[in-house]
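This is what each chain is made of:
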Amino acid sequence: TTGDYDLWLMDSQVEFSEESKPLLDTTVDRVRGVEGVEWAVPYYKGLRTARLPDGTLKSVSVVGLDDASLMGAPPRMVEGELASLREDQAVLMDASELGKNFSFDPGDGTVRPMQMGDTFTIGEESVKVTGIYGKEKSFFWQPVVYTTYSRALRIAPPDRKLLTNVLIKVKPGFDAASVAKRITEQTGHKVLNRQEYILLTAWYVLFKTGILINFSISVGLGLVIGILVSAQTFYNFILDNLRHFGTMKAVGVPNHTIVLMVMLQILVVGGIGYGIGVGMASALGSVFSKVGPGAWLLPWQIPAFVAVSIFGASILAGFISLIKVLRLEPAIVFRS
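Reading guide: rules and limits
Here, residues in each chain are numbered from 1, in the same order as that chain's written sequence. Restriction of local features to residues with pLDDT of at least 70 applies here, the model being predicted, together with a cutoff of 80 or more for giving and counting side-chain atom pairs; totals for whole chains, interfaces and linings are based on all residues. Side-chain numbers here rest on the full set of heavy atoms in the structure, without hydrogens or water. Salt bridge, as applied in this entry: a Lys or Arg side-chain nitrogen positioned within 4 Å of an Asp or Glu carboxyl oxygen. Counting from the N terminus, the helices are DSSP H or I runs at least four residues long and the strands are E runs at least two residues long. Residue burial is assigned from relative accessible area. The probe radius is 1.4 Å, only protein chains are included, and a residue is buried under 20% of its type maximum, exposed over 50%, and partly exposed in between. Here a cavity means grid points, on a 1 Å grid over the protein atoms only, where a 1.4 Å probe fits yet cannot get out; a pocket means an open set of points with protein on both sides within 12 Å along at least five of seven lines; lining residues are those with an atom within 4 Å of a point. Grid points are joined across faces, edges and corners, and a volume is the space filled by probe spheres set on the points. Under the scheme applied, nonpolar residues are Ala, Val, Leu, Ile, Met, Phe, Trp, Tyr, Cys and Pro; charged residues are Asp, Glu, Lys and Arg; polar residues are all the others, including Gly.

**Q** Can you break down the pattern of salt bridges residue by residue, with the values?
**A** Tallied over the full model, the rule gives 8 salt bridges. The salt bridge partner of K208 is E15, with a shortest N-O separation of 2.2 Å. A residue pair is termed long-range when its members are at least 10 positions apart, and K208 in the loop between α5 (194-207) and α6 (211-240) and E15 in the loop between β1 (7-10) and α1 (26-32) qualify at 193 residues. The exposure class of K208 is exposed, given its relative accessible area of 53%. For E15, a relative accessible area of 28% translates into the label partly exposed. As a salt-bridge pair, K21 and E19 come within 3.2 Å of each other at their nearest N and O atoms. Each of the salt bridges in this network shares a partner with another, and the network as a whole consists of D4, D6 and K169.

Below you can see the structure in the form of structure tokens.
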């Protein structure tokens, strides 16, 4: 989402961005009374069931923005205006979801994506599409529907606590970290900036789901198989050229020179393989991110880790193969 806010308040037990633990409505007023806070507005997020015009049920994440400021709105409007949210029954839909998860039969036997002006229900509330927004693809898959905070509360099931977050703007001249600490001390709730919220979610996905374990097993198996295959390939190369290595040793070429020569060959082959592999992965990732549900991100740390792994595995495989050369007797050249 976009907006001029600096801090994001949530319940102290929240562990990632898609988790919602309701707060008392009075939390907004308590935050506004903290020194250094310029303004604070309520924010709602929760999962509800939408019923399309043909009766199809879809799970959606409903986001309620402050009625006055619409703070926390989607980053880009594709069709319609953000201000249209103030119209009766108005909601904003994600452009990438319309033809994928929000297609329906209007009654004539055809199927078409939802469009501007269409109405459907979320919970027991009738809503109308008054705008379509575009956003970057995210790790989480639920379609997100934006509306106003007051309308989101009507959509939500009755509960004593419905507020999920507070968006906070820090006064000029005040340190955001110090203000966040004061808010936490006075309210008992967690307060994070954008980067801290991103890291909170990333750490949750990595260490409290099975993703890290599954990827680690896959990467580990790939490394083991790669080392074994590389070692076998280099070993066959060494066997096929033992007489040539013996000749080199017979004319006085020292072992370390032979090792350096083979290592150079290994680095060249490993570099070519690394370039092909990273290039194919980048190309396929870019293509699949456009047609699939997931996002594609390739920070520099991943190619760097892959480079270290590839060259490390290649060098290890090379050393295993070179054992036979280092033990080779030059006299093999003179045998028939």
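Having put the structure on the table, let's press on.
**Q** Please provide a residue-by-residue account of empty space enclosed by the protein, values included.
**A** For the coordinates displayed, the defined rule picks out 1 cavity of 30 Å³ or more. By volume, the largest cavity amounts to about 30 Å³. Y5, D6, L7, W8, L192, N193, R194 and Y197 together form the lining of the largest cavity. Put simply, the parts of the chain that give the lining of the largest cavity at least two residues each are β1 and α5. By residue class, the composition of the lining of the largest cavity is 5 nonpolar, 1 polar and 2 charged.

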